[in-house]
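Each chain, letter by letter, is given below.
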Amino acid sequence: MDFMIQAAGKTDIGLVRKNNEDNFGYDLRHGIFVVCDGMGGQQAGELASKIAVDTVLDYFRQGRNVAPVGGATFEGVSKRAVDLANAIQLANQVIHESGARDVNHAGMGSTIVAVAVEGNLFSIANVGDSRIYLVRKNEIVQLTSDHSLVMEQVRRGLMTLEEAEQSKMQNVIVRALGTDDSVEPDLADHEFNQDDVLLLCSDGMSRYVKEEKMTEAINQESLEQACTDLIEAAKSGGSDDNITCLLVRAVHPSWKDRIFGRLSSQPGQKSST
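Rules of the game
Residues numbered from 1 in each chain as written. Predicted model: local features only at pLDDT ≥ 70, side-chain atom pairs only at ≥ 80, totals over all residues. Heavy atoms only, no water. Buried < 20%, exposed > 50% of the residue type's maximum accessible area, 1.4 Å probe, protein only. Helix = DSSP H or I, 4+ residues; strand = E, 2+ residues; numbered from the N terminus. Phe/Tyr/Trp six-rings, centres within 6.5 Å; stacked < 30°, edge-to-face > 60°. Axes fitted to C-alpha atoms, helices over the stretch in contact; angles between N-to-C directions. Parallel < 35°, antiparallel > 145°, perpendicular 65-115°, else oblique. Left-handed = near helix turned anticlockwise from the far one by under 90°. Contact = heavy atoms within 4.5 Å. Nonpolar A, V, L, I, M, F, W, Y, C, P; charged D, E, K, R; others polar. Lys, Arg positive; Asp, Glu negative; His and termini not counted. Salt bridge = Lys/Arg side-chain N within 4 Å of Asp/Glu carboxyl O. Disulfide = S-S within 2.5 Å.

Trainee: How should I be thinking about the pairing of strand S11 (residues 243-251) in this particular structure?
Mentor: For a regular strand, side chains alternate in direction, first toward one face of the sheet and then toward the other. Summarising burial for S11: nine of the nine residues are buried, a large majority. Both faces of S11 are covered, namely the face carrying Ile 243, Cys 245, Leu 247, Arg 249 and Val 251 and the face carrying Thr 244, Leu 246, Val 248 and Ala 250.

Below, the structure is given as structure tokens:
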């Protein structure tokens, strides 16, 4: 059975930064959800993350008919996941070219996590160290792997996870949008269960909120209040970065939804800084 998708998102400048380089956006009609964390001086990071969000959303709104860029091919995943990859490669190209045109934006980049939903299935993509978590009942699982220096060392057995969490090098990422003329996102396909919630977030949240607290905050009726609680938890945890979260919940449609066709007429939405 197809699910009705509910969503809510929030971004916060945090307690230390002077500007917010995070951006997020979503469109319920087209089933696309994105969180980006920009990097670069003179507001270039803010621009890079906005370009990434807007490009991916527009790609899906335009019927996914934009020609692929970057030359990479993706096998073993759904067409939906390949569409995500194509949209992200396009975003990478736009950011890279924008940085090359303006010396003030040279070297700007962004992380990205994105989800594409179709019926009871969803695909995920990520570049960088923003994350996607799945909360199913009282269990939470991280679905993405960070493209960061410390996590590369963890995967190679050169550092423990505990050491990585305490490292001063946590913010050094090894893959991002815009820093090279091509990029390869990680892709995966999954299936929803009733009442599953996906959490897309920047590292200003994931580094400072324990998974148990994430689960506690998310397991409430209001997704908007859950976003507020997660951001406050990050601040209380000492976050020194911008903080962004986007929640996506799959629920069975009620009889009213089925009768009045709210699934088919549900308006597109977008929220961002």
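Trainee: How should I be thinking about the packing of aromatic side chains in this particular structure?
Mentor: Given two aromatic rings, one states the distance between the centres and the angle between the planes to describe the pair. With the rule as written, the count across this model stands at four aromatic pairs. Ring plane angle 15 degrees and centroid distance 6.1 Å describe the contact between Tyr 26 and Phe 33, whose orientation is recorded as stacked. Grouping residues by exposure puts Tyr 26 and Phe 33 together as buried. Look at Tyr 59 and Phe 60: their rings are 5.7 Å apart centre to centre, the planes differ by 65 degrees, and that puts the pair in the edge-to-face class. Every member of this aromatic cluster is reached through a ring pair, and the members are Phe 3, Phe 122 and Phe 192.

Trainee: Teacher, can you tell me more about the packing of helix H6 (residues 211-218) against helix H7 (residues 223-236) here?
Mentor: Between two packed helices, what matters for the description is the angle formed by their axes and the separation of those axes. Close contact between H6 and H7 brings their axes to 8 Å; oriented N to C, the two are set at 155 degrees. For the element pair H6 / H7, the angle class is roughly antiparallel. Crossing geometry of H6 relative to H7 is assigned as right-handed. Within the contact between the two elements, H6 uses Lys 213, Met 214, Ala 217 and Ile 218 and H7 uses Ala 226, Asp 229, Leu 230 and Ala 233. Taken together, the residues of the contact of H6 with H7 sort by class into six nonpolar, no polar and two charged.

Trainee: I tried to follow unusual backbone geometry on my own but got confused; where do I start?
Mentor: Leaving glycine aside, a negative phi is the common case for residues, and trans is the common case for peptide bonds. Even without being a glycine, Lys 137 presents a positive backbone phi close to 60 degrees. Tracing the backbone shows Lys 137 in the loop between strand S7 (131-136) and strand S8 (139-142). The backbone of Asp 195 shows a phi angle near 70 degrees, a positive value even though the residue is not glycine.

Trainee: Looking at this structure, how should I read the side chain of Asp 37?
Mentor: Counting through the fold element by element, Asp 37 comes out in strand S3 (residues 32-39). Buried charge Asp 37 goes without a salt bridge, the closest partner of opposite sign being Arg 17 at 6.4 Å.

Trainee: So what exactly am I meant to see when it comes to the environment of Ala 48 here?
Mentor: Following the sequence through the fold, Ala 48 ends up in helix H1 (residues 44-61). Separated by eleven residues in the primary sequence, Ala 48 and Asp 37 place their C-alpha atoms 8.5 Å from one another. Those residues in contact with Ala 48 that lie beyond four places of it in its chain are Ile 95, Met 108, Gly 109 and Ser 110.

Trainee: What should I look at first to understand the state of the cysteines in this one?
Mentor: The bond known as a disulfide is covalent and runs between the sulfur atoms of two cysteines. One pass over the structure, following the stated rule, counts zero disulfides. Left unpaired, Cys 201 is separated from the closest cysteine sulfur, that of Cys 245, by 7.7 Å. Free cysteine: Cys 227, not disulfide-bonded; nearest cysteine sulfur from Cys 245 at 3.7 Å.

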